[in-house]
Amino acid sequence: DKVGVALVGLGGYSKNQLAPALEQTEHCYLAGIVTGSPEKIPEWQKKYNIPDGNVYNYENMDDIANNDDIDVIYIVLPSGMHAEYAIKAANTGKHVWCEKPMAKTVEECQSIIDACNKNNVKLTIGYRMQHEPNTQNFKKWVEERKFGEVKMIEAMAGFYSSRTGHWRLDKEMGGGALYDMGVYSINAARYVLQQEPISVMAYESTTRPEIFTEVDETMNFILEFPDGVMANCATSFGINMNRLIVTAQDGHFRMEPFQSYNGLKGFSSDGSQFSDKIKNQQAKQMDNDALAIKENKEVLVPGEEGLKDIKVVEAIFKSAEEGRRVKI
Ligand code: NAD
């Protein structure tokens, strides 16, 4: 009685990460697919043994309501499409898993939460790092004041992309570095501190204005947390960076990279070193989320987590645009 998952959107993340990870899970499996690209169907059906009755397109995905094989609809579409399809998914009465960033606006995030509440289904956001043991240790060390009171955080996530003509460069589709990679910085800072930022100062810049005509290439931002803790953050489609550093009164700990699928590497000022503790982050995430359904427990990363990040994203855009510090 494994939980049956239907993936919506068979792009890079579904194909190369989630579908293979579903073969390594204990508590769920790939039961169905929803795609607007018919040419992809035969390969997926064959590879994952998906019956004809569990293959849907965007027009008929509402019919999943009547499919007992499918318990969860996992939205892995371009970010600007998450809200529309997550709400459609909730209205089938199936549980909803939605990729990060949850949606483009707080309003959209709230409407996904409302739709899931109305239909009495569980909602979780694909923040895989919150399921990752080293990241969980960071949170614990802050909470226990293992190295004393936290003074500062640095959270930077970006990569050099030479892509053109892609939805990640399209504003309407939820493109730009901040939505795509910046949410990792925001989420890491909020997660390890277990606090919400109270203000932000942000600066947007680009070195390739001919490519980044409507979305941000690089965003630097400083989040101010209660008690004066600052998180110095950056995200970019033009600079390779991937690190999380927590500086406390009596020491520090860091991971670099901190949000890659594998190859995590870190150390702390007491001399200990750490690296990947689990084989597959996505498998761990989906198993945790499947167990929450089977045992009717709270999910680890509820919709509110996605919404809170987007609230910060909105403040960052506003700060960058108006050139001033914005209260959150
Ligand atoms: P992708 O471009 O590889 O795939 C997007 C899919 O959506 C494609 O199959 C495409 O055909 C389909 N699609 C349907 N309608 C479309 C439209 N109007 N325009 C463009 N594509 C359309 O993207 P991806 O990397 O798979 O990302 C999908 C989602 O997953 C994004 O929200 C992204 O942020 C998220 N993601 C999360 C992680 C993670 O580690 N949690 C990693 C990668 C991507």
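For the structure, see preceding data.
Described in the following lines is the structure provided in the data block. Numbering of residues starts from 1 in every chain and runs along the sequence as written. Where local features are concerned, this predicted model is filtered to residues with pLDDT of at least 70; where side-chain atom pairs are given and counted, the filter is 80 or more; whole-chain, interface and lining totals use all residues. The basis for every side-chain value is the complete set of non-hydrogen atoms in the structure, without hydrogens or water.

## A look at the packing of helix 3 (residues 82-91) against helix 4 (residues 106-118)
Quick note on the threshold: Note on geometry: axes are lines fitted to C-alpha atoms, helical ones only across the stretch in contact, with angles between N-to-C directions running from 0 to 180 degrees. Only DSSP runs of H or I covering at least 4 residues are called helices, and only runs of E covering at least 2 are called strands; the numbering of each starts at the N terminus. An angle below 35 degrees is read as roughly parallel, one above 145 as roughly antiparallel, one from 65 to 115 as roughly perpendicular, and any other as oblique. The criterion used for residue contact is that any of the two residues' heavy atoms lie within 4.5 Å. Three categories are distinguished: nonpolar for Ala, Val, Leu, Ile, Met, Phe, Trp, Tyr, Cys and Pro, charged for Asp, Glu, Lys and Arg, and polar for the others, with Gly belonging to the last.
Here helix 3 crosses helix 4 at 5 degrees, and the two axes come no closer than 8 Å. Judged on the interaxial angle alone, helix 4 and helix 3 are roughly parallel. Where helix 3 abuts helix 4, its residues His82, Ala83, Ala86, Ile87, Ala90 and Asn91 lie against Glu108, Ser111, Ile112, Ala115, Cys116 and Lys118. Tallied by class, the residues present in the contact of helix 3 with helix 4 amount to 7 nonpolar, 3 polar and 2 charged.

## Notes on the site of the ligand
Here is the rule we go by: Any residue with a heavy atom lying within 4 Å of a molecule or strand is counted as near it. In protein, a polar contact means a hydrogen-donor-capable atom and an acceptor-capable atom, both N or O and within 3.5 Å, with residues adjacent in sequence counting only if both atoms are side-chain atoms; elsewhere, any N or O pair within 3.5 Å suffices. The Shrake-Rupley method, run with a 1.4 Å probe, gives the accessible areas here. Residue values count only the displayed protein chains as cover.
Around the ligand sit 24 residues, and of these Gly12, His82, Lys100, Arg128 and Trp167 come closest. Residue lysine 100 places a main-chain N or O atom 2.8 Å away from an oxygen atom belonging to the ligand. About the coverage of the ligand: the protein hides 79% of its 830 Å² of free accessible area. Elements supplying a minimum of two residues to the shell around the ligand: helix 1 (12-22) and helix 6 (177-193). Taken together, the residues that form the shell around the ligand break down as 12 nonpolar, 6 polar and 6 charged.

## Some details on the state of the cysteines
Applicable threshold: The rule for a disulfide is simple: a pair of cysteine sulfur atoms within 2.5 Å.
Under the criterion given, the structure shown has 0 disulfides. With no disulfide of its own, cysteine 28 lies closest to cysteine 98 among cysteine sulfurs, the gap being 17 Å. Lacking any disulfide linkage, cysteine 233 is separated from the closest cysteine sulfur, that of cysteine 109, by 19 Å.

## Details of the sheet that holds strand 3 (residues 55-56)
Put simply, the rule is: At least two bridges found by DSSP between two strands is the condition for calling them paired.
Pairing is parallel in the open sheet, where 6 strands are placed in the order 3-2-1-4-5-6. Edge strands, defined here as strands with exactly one partner in the open sheet, are strand 3 and strand 6 (123-125). Relative to strand 2 (residues 28-34), strand 1 (residues 3-8) runs parallel, the two being bridged by 6 bridges. Across the sheet, valine 3 pairs through a bridge with cysteine 28, a residue of strand 2.

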